[in-house]
Amino acid sequence: MKALILSAVLFVSVAANAASINLPDNEKVVKTFNELFKGASNVTWNNVGKQYEAFFTLASIKTRVTIDQKGRLVQTIRYYGESELPANILYNVKNQYLGKEIFGVTEISNKFGTQYQIVLKDNSHYIHLNANSNGDLELAGKYKRGDSTKK
């Protein structure tokens, strides 16, 4: 019985925490976020050392941003599918990896530029690619799918 009550209390506590939007107490951070990400929904914040991370959805794209204490954008990470991938990168992927489906894209933008981590899949493998904004592709790994019906 004690375990059941403890579980219920823990569940309610986690649910209440997940529902709250705890804005940082740093006005510069909030100002930068509000200027750059108007229309963001489901926003949650974390304080990571001397930086703040926000997780949210904007235009159906899940996004994570890091902003420093001075309100400077440090990094943006966006998670999306094929339709949001820049045309030059999409073209190269489609031409070099015929018959592969784009399973997901992680776009990382920071002071070093924008990089793309692309996961492709076919009936038997996952293929991980790295791409830069010029469309140059690099094979990062190829893995046999655990759910594959092919042997």
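Placed above this text is the structure.
All values derive from a computational prediction rather than experimental measurement.

Reading the values: rules and limits
- Residues numbered from 1 in each chain as written.
- Predicted model: local features only at pLDDT ≥ 70, side-chain atom pairs only at ≥ 80, totals over all residues.
- Heavy atoms only, no water.
- Helix = DSSP H or I, 4+ residues; strand = E, 2+ residues; numbered from the N terminus.
- Buried < 20%, exposed > 50% of the residue type's maximum accessible area, 1.4 Å probe, protein only.
- Contact = heavy atoms within 4.5 Å.
- Areas by Shrake-Rupley, 256 points an atom, 1.4 Å probe, with all protein chains shown as cover.
- Core = buried A, V, L, I, M, F, W, Y, C linked by side-chain atoms within 4.5 Å.
- Pairing = 2+ DSSP bridges.
- Axes fitted to C-alpha atoms, helices over the stretch in contact; angles between N-to-C directions.
- Phe/Tyr/Trp six-rings, centres within 6.5 Å; stacked < 30°, edge-to-face > 60°.
- Polar contact = N/O pair within 3.5 Å; in protein donor to acceptor, adjacent residues only side chain to side chain.

Caption draft 1: Looking closely at the overall build of the protein chain. A tally of regular secondary structure across the protein chain gives three helices and eight strands. For the protein chain, the α and β elements follow one another from N to C terminus as α-α-β-β-β-β-α-β-β-β-β. Out of the 151 residues in the protein chain, the part that is buried amounts to 32%. For the protein chain, contacts bridging at least 24 residues in sequence account for 30% of all contacts bridging at least 6. A total of about 10,100 Å² of accessible surface is found on the protein chain, and carbon and sulfur atoms cover 54% of it.

Caption draft 2: The arrangement of the nonpolar core in detail. Judged by nonpolar contacts, the single largest core of 14 residues is most densely connected at Leu85, Tyr116, Ile118 and Leu120. If near-sequence neighbours (up to four positions away) are discounted, Leu120 is found in contact with Val93, Tyr97, Lys100, Glu101, Ile102, Phe103, His125, Tyr126, Ile127 and Leu129. Membership of the second largest hydrophobic core comes to 10 residues, among which are Val29, Tyr52, Phe56 and Ile67.

Caption draft 3: Looking closely at the sheet that holds strand 6 (residues 113-121). Spatially, eight strands are ordered 1-2-3-4-5-6-7-8 in an open sheet, and the strand pairing comes out antiparallel. With partners counted over all chains shown, the strands left at the sheet margins are strand 1 (41-48) and strand 8 (137-144), one partner each. Each strand axis lies, on average, 15 degrees off the axis of its neighbour in the sheet, ignoring direction. As paired strands, strand 2 (residues 51-58) and strand 3 (residues 61-68) are joined by eight bridges and run antiparallel to one another. Each residue of the ladder has a partner; that of Leu58, found in strand 3, is Ile61. Most of the contacts of helix 2 (residues 27-36) go to strand 3, to which it runs at about 145 degrees, and overall it touches strand 1, strand 2, strand 3 and strand 4 (73-80).

Caption draft 4: Unusual backbone geometry, seen in detail. For Ala59, which is not a glycine, the phi torsion comes out positive at approximately 55 degrees. With respect to the secondary-structure elements, Ala59 resides in the loop between strand 2 and strand 3. When its relative accessible area of 67% is taken as the criterion, Ala59 is described as exposed. Of note in this structure, Ser60 is not a glycine but carries a positive phi near 65 degrees. Within the secondary structure layout, Ser60 lies in the loop between strand 2 and strand 3.

Caption draft 5: The packing of aromatic side chains, seen in detail. Following the criterion strictly, the structure yields five aromatic pairs and no others. Relative to Phe37, the ring of Phe33 has its centre 5.4 Å away and its plane inclined at 40 degrees; by these criteria the two rings are tilted. For Phe33, a relative accessible area of 6% corresponds to the buried category. Using a relative accessible area of 11% as the deciding quantity, one classes Phe37 as buried.

Caption draft 6: Representation of the side chain of Asp68 in the model. Of note, Asp68 is situated in strand 3. Side-chain polar atoms of Asp68 contact the side chain of Arg72, separated by 2.7 Å. Contact partners of Asp68, with chain neighbours within four places excluded, come to Val29, Lys50, Gln51 and Val74.

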